Amino acid sequence: MHPSTTCKRILLALLTAFVPVILFAQGGIKWNRAGNGYYQLDKGELDLYTLPQQNKTVILSKTQLTPSGKTAPLNIQSFSFSADDKKVLLFTNTKKVWRLRTRGDYYVFDINTGALTKLGKDRPASSMMFAKFSPDGAKVAYVSEYNLYVEDLASGKVQQLTMDGNRKFINGTFDWVYEEEFSCRDGFRWSPDSKHIAYWQIDARKTKDYLMIDNTDSVYPFAVPVEYPIAGEAPSPFKIGVVDIASAKTQWMDIPTDPVLQSYVPCMEWAANNNELIVQHLNRHQNQSDLLLCNATTGASQVIYTEKDSAWIDILSQWDNEYIWGGWDWLNGGKEFMWASEKDGWRHLYRVSRDGKKEVKITNGDYDVIDISAIDEKNGYVYFLASPTNATQKYLYRTKLDGKGKAERVSPANQAGTHDYDLSPTALYARHVFSNMATPYTDEMISLPDHKGLNGQHVVDDAIAGAEKNTGIEFFKVKTEEGIEMDGWMTKPRNFDPNKKYPVVFYVYTEPAGQNVRDQYQAANPWLYKGDMAADGYIYISIDNRGTPVPKGRSWRKAIYRNIGRINIRDQAMAAKEVLKWPFIDASRTAVWGWSGGGSATLNLMFQFPEIYKTGIAVAAVGSIFTYDNIYQERYMGLPQENAADYTAGSAITYAKNLKGNLLYIHGSGDDNVHYQNAELLLNELIKYNRQFQFMSYPNRTHSISEGAGTWEHLSTLYTNYLRAHCEPGGK
């Protein structure tokens, strides 16, 4: 239901103003192993910038990146180095798999010989995924067409390690729902000694397909199947295997599961040695997490650490994007690991002994860890993002790994807003990205822990000083009659006259996958509006209710458990009720809009509180939460077999008969996330009760409704014209 992933959610980057967020993902900078420089792709070449002077060295030139017989260099999306830095793995000719471009071709450049070699020459074009050097640099493993392969770099010999892969029987990667809801994509890991590969196998043979109908790409329509388990359907069974490179034989791990309900394994890594795996195993309800150590030779497993929650447990990659690509934080030479938990009411970090019997709380206080930025074990610190006093902002902190002493803020006191960091392996340098509502995204290289710009620069300070001061954007807090206090932002019209009354447009998301109210550049940008909303005389507002993933503690976030469509909707409506009391708001001109989960909220607000909201625009909304995928919906709502009444009470179609205002509903018929079925279910219900509305279907467009010539222009025009027609702009 949430816009994707992928990166934090890469997810919301698309559907929240197309904000130019600078992401530290696979295609960004990569630090060198010494931690005193970073690699970056620029103008067709790969460069190394050495700090602090930022001296540039060309590592791979355009000529070196041009394959034999070609005239242009490879268009590189991402790259990685072998452990000895003598070879570079290059990812190119990429294709999208649902959300991210994770399928393509791979080349290896040998720095010693100058040779540029294409891997998987017998594989179909753009079919290879997640290629990785073996730790000894002699081989590369990759997935192609649902099977796992390993290629010897000296001989060019390719060995197929799994033979049974297909769309419904998946080796080394994942089905749709694991990718969408657990951010699981790369599904295999090399052992440290390069002799084995651990991998996931997903059996989706019994998982039903959603059939999307493509009416535009052929004279005869055809069905596009997606393995998609809706709420209440059992997950695709998993296996974790360890394949021996020499023999191609797999040893399966013995991980018990419920034979009826099934379960999930969202995380798996080698356990800091060549003999064991560490696995996170979630029950079907996602309210119990077991960490298991598995013997890679025998498959035997033992539970070392268990956590339970009365609502649900967030896995690491759901709140820290760095872990989308895997990883486990081992300490003390593999004798301990770092783990996160909300068991004291806040998301805090713990160091846990390898056998799970001892733990030390590292972070302490009434605040949430938002992201883990780096572990500097040499100096005894963990760096993390947090915001103890303002949930709309983010700052860098550090605290001792032994849990003693208080966390110290590293971000400067004069830089109020949202900070992101990419720390070097030694935590001596970082790329720092800053913005707030007034200051555009600005990045600088800094030293740590003093947080000084390199070479005497003050890039962020200069940007703050030069930022527009009169943005027209204000942050506010609103307390409802039920005593719930929420954060919001508001953009007032240009030439605002407090003696006039203006129309108000509420922008909503409301669900656990997204935070709208952030002190971040363009977070308040009315991105779908064609024109200048402030100049036209609208007040634009967004408010984050209980259940949104803001750093206000476990109770705030998990109040929405089994209450989607109710508590979030009531919080929004009660907050709007208070806003409508402001003397400059025209309560007769009140609009609401949102996309995906925000579209669902828009429908619910229009139907459940028609006396408040007069106009609504809902895009790609879930009309019935019975239709959405099992991992997301069951995590936050439980199983429909056990509490169908909660699902009914949370679904917008339950209340469709109450529509009184003006509704524009928009959906893409090729939406693999929130299926087009939701539109037709909703339309049927509205028709049944003779509720008049406007509907726009975008043929064969996905959840982003971004494909096809003229689509975005048309969508923006439609949205804007409807809003202007039914919620007249300007002060009166």
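Conventions and cut-offs
Residues numbered from 1 in each chain as written. Predicted model: local features only at pLDDT ≥ 70, side-chain atom pairs only at ≥ 80, totals over all residues. Heavy atoms only, no water. Core = buried A, V, L, I, M, F, W, Y, C linked by side-chain atoms within 4.5 Å. Buried < 20%, exposed > 50% of the residue type's maximum accessible area, 1.4 Å probe, protein only. Helix = DSSP H or I, 4+ residues; strand = E, 2+ residues; numbered from the N terminus. Contact = heavy atoms within 4.5 Å. Pairing = 2+ DSSP bridges. Axes fitted to C-alpha atoms, helices over the stretch in contact; angles between N-to-C directions. Polar contact = N/O pair within 3.5 Å; in protein donor to acceptor, adjacent residues only side chain to side chain. Phe/Tyr/Trp six-rings, centres within 6.5 Å; stacked < 30°, edge-to-face > 60°. Lys NZ or Arg CZ within 6 Å of the ring centre and 35° of its normal. UniProt positions renumbered as here; feature names shortened; annotations may be inferred. 1 Å grid on protein atoms, 1.4 Å probe; cavity = no way out; pocket = protein on both sides within 12 Å on 5 of 7 lines; lining within 4 Å. Points joined across faces, edges and corners; volume = space filled by probe spheres on them. Nonpolar A, V, L, I, M, F, W, Y, C, P; charged D, E, K, R; others polar. Left-handed = near helix turned anticlockwise from the far one by under 90°. pLDDT = per-residue confidence, 0-100. Salt bridge = Lys/Arg side-chain N within 4 Å of Asp/Glu carboxyl O.

The protein chain is annotated in an unreviewed UniProt entry as Peptidase S9 from Niastella koreensis.

> Looking at this structure, I do not really get the nonpolar core. What am I missing?
For soluble globular proteins, nonpolar side chains are generally found buried alongside one another. Tyr178, Phe182, Ile240, Ile255 and Leu277 are the most contacted members of the largest nonpolar core, which has 48 residues in total. When residues of this core are traced back to their parent elements, those giving at least two are helix 2 (176-182), strand 15 (196-203), strand 16 (209-214), strand 18 (238-244), strand 20 (263-270), strand 21 (276-283), strand 22 (288-295) and helix 8 (630-637). Not counting chain neighbours up to four residues away, the residues in contact with Tyr178 comprise Ser183, Cys184, Ile202, Phe238, Ser263, Tyr264, Val265, Pro266 and Ile631. Core analysis: the next-biggest nonpolar cluster, separate from the first, contains 47 residues, Ala391, Tyr502, Trp556 and Ala649 among them.

> I keep staring at the sheet that holds strand 28 (residues 371-376) and nothing clicks. Help me out?
By way of backbone hydrogen bonds, the strands of a sheet pair with one another, either parallel or antiparallel. Taken together, the four strands give an open sheet; going across it, the order is 28-29-30-31, and neighbouring strands pair in antiparallel fashion. The sheet is open, and its two edges are formed by strand 28 and strand 31 (408-409), each paired on a single side. Where strand 30 (residues 395-400) meets strand 31, two bridges bridge the pair, whose relative direction is antiparallel. Counterpart to Tyr397 in the pairing with strand 31 is Arg409.

> Which parts of the structure should I look at to understand the sheet that holds strand 42 (residues 662-668)?
As summarised here, the arrangement of the eight strands in space is 36-37-39-38-40-41-42-43, forming an open sheet in which the pairing is mixed. Strands at the two margins of the open sheet, each flanked by one partner only, are strand 36 (473-479) and strand 43 (694-698). Strand-to-strand, the axes of this sheet are offset by a mean angle of 20°, without reference to chain direction. Where helix 7 (residues 597-608) meets the sheet, it contacts strand 40 (585-595), strand 41 (615-619) and strand 42, and its direction lies at approximately 145° from that of strand 40. The sheet strands contacting helix 10 (residues 677-688) are strand 42 and strand 43, and the helix crosses strand 42 at an angle near 155°.

> Could you clarify how one ought to interpret helix 8 in this entry?
Think of an α-helix as turning once every 3.6 residues; residues three or four places apart then point the same way. Counting buried positions over the eight residues of helix 8 gives eight, a clear majority of the element. Contacts made by the buried residues of helix 8 are with helix 2, strand 20 and helix 9 (640-650). The opening residue of helix 8, the one whose side-chain oxygen lies 3.1 Å from the backbone nitrogen of Ile631, is Asp629. A positive phi of about 75° marks Gly638, the residue just after helix 8.

> Would you mind going over the packing of aromatic side chains with me for this structure?
Tallied over the entire structure, the rule returns 42 aromatic pairs. One aromatic cluster in this structure is built from Trp176, Tyr210, Tyr228, Trp312, Tyr561, Tyr628, Tyr632 and Tyr636. The side chain of Lys239 reaches across the aromatic face of Trp252, ending 4.9 Å from its centre. The side chain of Arg398 reaches across the aromatic face of Tyr381, ending 3.7 Å from its centre.

> Is there a simple way to explain the UniProt feature "domain: Peptidase S9 prolyl oligopeptidase catalytic" (unreviewed entry) in the protein chain in this structure?
As recorded in UniProt, the sites labelled "domain: Peptidase S9 prolyl oligopeptidase catalytic" (unreviewed entry) are residues 533-712. Each end of residues 533-712 is marked by a C-alpha atom, and these two atoms are 18 Å apart; helix forms 37% of the span and strand 19%.

> Just to check I follow, could you spell out empty space enclosed by the protein for this structure?
Which parts of space are left empty comes out when a probe the size of a water molecule is rolled across the atoms. One pass over the structure, following the stated rule, counts four cavities of 30 Å³ or more. Roughly 440 Å³ of internal volume is contained in the largest cavity. Considering the residues around the largest cavity, the lining is formed by 37 residues, among which Cys267, Gln280, Ile315, Leu316 and Ser317 are closest to the centre. Going through the elements one at a time, strand 20 and strand 25 (336-341) are the ones with two or more residues in the lining of the largest cavity. For the lining of the largest cavity, the class distribution of residues is 19 nonpolar, seven polar and 11 charged.

> Explain the packing of helix 6 (residues 567-579) against helix 7 here, please?
Viewed as axis vectors pointing N to C, helix 6 and helix 7 meet at an angle of 65°, and their least axial separation amounts to 10 Å. Crossing angle aside, the handedness with which helix 6 passes helix 7 is right-handed. Counted together, Ile569, Gln572 and Ala573 of helix 6 and Ala601, Asn604, Leu605 and Gln608 of helix 7 form the full contact between these two elements. Along the lines of polarity and charge, the residues of the contact of helix 6 with helix 7 split into four nonpolar, three polar and no charged.

> Sorry, what's going on with the confidence of the model for the protein chain here?
Low-pLDDT portions of the prediction should not be read for the details of their coordinates. Of all residues in the protein chain, 96% have pLDDT values of 70 or greater, and the mean over the chain is 95. The low-confidence segment residues 1-27, where pLDDT is below 50, has 106 contacts with residues more than four positions distant or belonging to other chains.

> Please clarify how the UniProt feature "domain: Dipeptidylpeptidase IV N-terminal" (unreviewed entry) in the protein chain should be interpreted in this entry.
The UniProt feature table records "domain: Dipeptidylpeptidase IV N-terminal" (unreviewed entry) at residues 82-441. Within residues 82-441, the helical portion is 2% and the strand portion 46%, while the C-alpha atoms at the span's ends are 33 Å from each other.

> Whenever I open this one, the pairing of strand 39 (residues 539-544) confuses me. Can you help?
It is a general feature of regular strands that their side chains alternate between the two faces of the sheet. Burial analysis of strand 39 places six of its six residues in the buried class, which makes it a mostly covered element. Covered by surrounding structure in strand 39 are Ile539, Ile541 and Ile543 together with Tyr540, Ser542 and Asp544, the residues of both alternating faces. The pairing of strand 37 (residues 485-491) with strand 39 spans five bridges and is classified as antiparallel. Bridge pairing links Trp489 to Ser542 in strand 39.

> Looking at this model, I keep getting lost on the pattern of salt bridges. Mind explaining?
Should the charged atoms of two oppositely charged side chains come close, the side chains can pair. For the structure shown, the criterion picks out 44 salt bridges. When the shortest N-O distance is used, the salt bridge between Asp186 and Lys132 registers 2.8 Å. One end of the pair, Asp186, is in the loop between helix 2 and strand 14 (188-190); the other, Lys132, is in strand 9 (residues 128-133), with 54 residues separating them in the sequence. Linked by salt bridges that have partners in common, Asp309, Glu342, Arg347, Asp368, Arg554, Arg557 and Lys558 make up one network.

> I'm lost on the environment of Asn525 in this one. Help?
With respect to the helices and strands, the residue Asn525 is situated in the loop between strand 38 (502-507) and helix 4 (533-536). Its relative accessible area of 27% is what places Asn525 among the partly exposed residues. Residues Asn525 and Met437 lie 88 residues apart in sequence; the distance between their C-alpha atoms is 9.7 Å.

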